[in-house]
Amino acid sequence: MSTPVLRVEDLHRSYGRGPTRFEALKGVDVEVRAGESLAIVGKSGSGKSTLMHLLALLDRPTSGSVELNGVPADRLRGRELNRVRNETFGFVFQQFFLTPSATVLENVILPLKIAGVGRAERKRRGMAVLEQLDLADKAKNKAIDLSGGQKQRVVIARALVNDPQVIFADEPTGNLDTTTGAAVEDLLFGLNRERGITLVVVTHDEELASRCDRRITVRDGRIEASATATATTAATGEPGRPTEEVAA
Amino acid sequence: MKPVDVVGSAVANTFRSRTRTILTVLAIFIGAFTLTITTGLGTGINRYIDQTVAEIGAEDVMTVAHQADETADDGPREYDPDAVAASGIGPDAPGAAQTIDPITDDDLVTIAGIDGVESVEPLKQVSVDYVQHEGGTQYAISVGSFIPGMELVLASGEQPDAEASEPQVAIPVDFVEPLGFDSQADAVGSVVEFGVTDATGAEQVVTAEVVGISEAGLIGTGNSASPNTALTDELYTAQATGATGQTDVYGSAIVTFDPELGEAATQALKDDLDEAGFTATTVEDQIGAFKSVIDGIVLVLNAFAVIALLAAGFGIVNTLLMSVQERTREIGLMKAMGMGSGKVFGLFSTEATFIGFLGSAVGVVLGMAAGTAVGDALATTMFADLPGLTLIAFDPVSVATIIVLVMAIAFLAGTIPAGRAGRQDPIESLRYE
């Protein structure tokens, strides 16, 4: 079996000190395999967002280890850590986090700008990714003038522009109606299937979670269940769709 | 992020909330505008002083007198019947009432023997009681000391001719009408009488031809009658009539030297004279004191302008703190995407510096326009009798200094919000609602 993209072992994360100390994660082990789609589900306050932040190297664990492609993440510091995050990860957020007054293209090329890519190259790659997502005609529009679904597609374009290994999607369909949400889901799973981009989705939407290859449920800082989608469907009694066989 | 992208993004961000940026820029503009005007004032006045010195054409002379007795600590000084009141160049020179040992003919020989002295002339001091024209009203007037090579700023007529054997005088423009002349042209060529009290208390009258009308100058030469050598001699003789002690002693002497030899040579000459017991003062020395006063005033004015800029600096702090607050999630996103804290700091401090640049550039440009307009207007009205005076003038170095100074203040102000932005935790920022 190949090295997992991300592996965390005995992960603890607590906030505060003394009597106000709050333990968000109480010993979590997760493996994210290359090319899979993984759903992290749980109620709000369960620790699922904390887990995603630790996986995305946005946060450092109180104890336990995080490995990226087999390399301990605590070896990465400062500039190197920023570079790895910039090149390896793409982010899709529920609230979009687009700069409203900037154009669609400017929003999309932000990661390239941060990476220090030249102006012409930025534009070329930005337009290429917008074309893939059928947004090329919106390139010069202001982000604020777009509909919700278009905004989320712009966000996905921004997550894709750096050609990332992993896309983290935090409630990607939370702010969208069912139809648009489904379109965005199709887009994300299409990228996962066709381009082999690993997808980590944080959600409390059962339907979205069931479309993933695998799901883990976080409750009170611990992993409750790790199962393939079929097993989950059986456990929750919900009608799930058949999923591809998962390499386990 | 490349530095050029940091600057580009910062500039773009500046215009994101336009009203707020404009108000902040306005505050800086007021400070920069004031600083431009006050600095321009200093530049203009000092430039005029330099021009005046050049116009006098007396860079090659220095006034030499005996050093004042250093008796201040030894109680009252003994009366010396030979002591004279010393005076520098021009009647308004400071220290005019100081009594010192007179310069004698022997002293003139000593001074002439000092290395670097080209020639030495005694400075004949005359005090005139009145001036009148054709028996009209008598007016009090001071008579300036004549310095070879001196050039008056004339309203009409010519310079008094130093070589002429006939007594000539240039009278100040203010005296033309009171003396009964119809115009300046009428005055030029006519004869005026000077009343002098001699040593016995009797009244002596000396006549002279008016050859020129002088404009009021800054250092006083134009405010008094300027005689040529012949008139000075006649007045001096009239004044000394019946005197017993002071005929051949003078308050000071005029030494001609070569200013081309440079500061060091001039200073060496001064030192030599100092060793021989004389004090030497060049025109520049006297004007230098004047310039110090101007510089002092300008410094105080500049300080007020800088205070205005510091207040504007707090405006920048406020504006950018709001901006950081508003853009919390954007900062969080950029940090999540791998933007370093240093770059985030750079982004916001560049924005502050750019705001400072905008304010200072607009302030300096409008300050120069307004200063030039006001200076020109004043030159033809209030300072019409001080030709050549541009009250507010600008030189590129001081203008550039103002812009750089304002940008530096803006950068310092920007470090507070930029530091806050740089320290922001990406997770907290992304959660921020």
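Residues numbered from 1 in each chain as written. Chains lettered and ligands numbered in written order. Predicted model: local features only at pLDDT ≥ 70, side-chain atom pairs only at ≥ 80, totals over all residues. Heavy atoms only, no water.

### What to know about the overall build of chain A
1) Next: From N to C terminus, chain A includes 9 helices and 10 strands.
2) Next: Out of the 248 residues in chain A, the part that is buried amounts to 50%.
3) Next: Of the contacts made within chain A by residues no fewer than 6 positions apart, 69% connect residues no fewer than 24 positions apart.
4) Next: By element, 47% of the accessible surface of chain A is carried by carbon and sulfur atoms, the whole surface being about 11,500 Å². (Helix = DSSP H or I, 4+ residues; strand = E, 2+ residues; numbered from the N terminus. Buried < 20%, exposed > 50% of the residue type's maximum accessible area, 1.4 Å probe, protein only. Contact = heavy atoms within 4.5 Å. Areas by Shrake-Rupley, 256 points an atom, 1.4 Å probe, with all protein chains shown as cover.)

### Remarks on the interface of chain B and chain A
1) Next: Taken together, the contact pairs 20 residues of chain B with 23 residues of chain A.
2) Next: Roughly 2,000 Å² is buried in total at the junction of chain B and chain A, and carbon and sulfur atoms are behind 61% of that figure.
3) Next: Taken together, the connections running from chain B to chain A amount to 1 salt bridge.
4) Next: Here Arg 122 of chain A and Asp 5 of chain B are joined by a salt bridge, their closest N and O atoms 2.6 Å apart.
5) Next: Those elements that provide at least two residues to the side of chain B that touches chain A are helix 1 (3–14), helix 8 (328–336) and helix 11 (426–431) of chain B.
6) Next: Ranked by residue count, the leading element in the side of chain B that touches chain A is helix 8 of chain B, at 6 residues. (Buried area = accessible area lost by both parts, 1.4 Å probe. Salt bridge = Lys/Arg side-chain N within 4 Å of Asp/Glu carboxyl O.)

### What to know about the confidence of the model for chain A
1) Next: Taken as a whole, chain A shows an average pLDDT of 82; of its residues, 90% reach a score of 70 or greater.
2) Next: Considering only residues more than four positions removed or in separate chains, one finds that residues 229–248 of chain A, a stretch of pLDDT under 50, has 22 contacts. (pLDDT = per-residue confidence, 0-100.)

### So, the pattern of salt bridges
Residues and elements named next belong to chain A.
1) Next: What the rule picks out here adds up to 19 salt bridges over all chains.
2) Next: In this structure, the salt-bridge partner of Arg 83 is Glu 80, at a minimum N-O distance of 3.1 Å. Pair noted here: Arg 83 and Glu 80 are both in helix 2 (residues 78–88), with a separation of 3 residues, about one helical turn.
3) Next: In this structure Arg 83 comes out as partly exposed when scored by relative accessible area, which is 38%.
4) Next: Residue Glu 224 is joined to Arg 219 by a salt bridge in which the shortest nitrogen-to-oxygen separation is 2.8 Å.
5) Next: The exposure class assigned to Glu 224 is partly exposed, which follows from its relative accessible area of 46%.
6) Next: Through salt bridges that share partners, Arg 7, Glu 9, Glu 31 and Glu 67 make up one connected network.

### Remarks on helix 1 of chain B
1) Next: The end-to-end C-alpha separation of helix 1 of chain B is 16 Å, in line with the 16 Å expected for 12 residues at 1.5 Å each.
2) Next: Of all the residues in helix 1 of chain B, the buried ones are Asp 5, Val 6, Ser 9, Ala 10, Asn 13 and Thr 14 of chain B. (Expected span 1.5 Å × (residues − 1).)

### A few points about the environment of Ile 223 of chain A
Residue and element names in this part refer to chain A.
1) Next: Turning to its location among the elements, Ile 223 is positioned in strand 10 (residues 222–228).
2) Next: Separated by 175 residues in the primary sequence, Ile 223 and Lys 48 have C-alpha atoms spaced 9.4 Å apart.
3) Next: Sequence-distant contacts of Ile 223, defined by excluding residues within four places in its chain, comprise Val 28, Asp 29, Val 30, Ile 216 and Thr 217.

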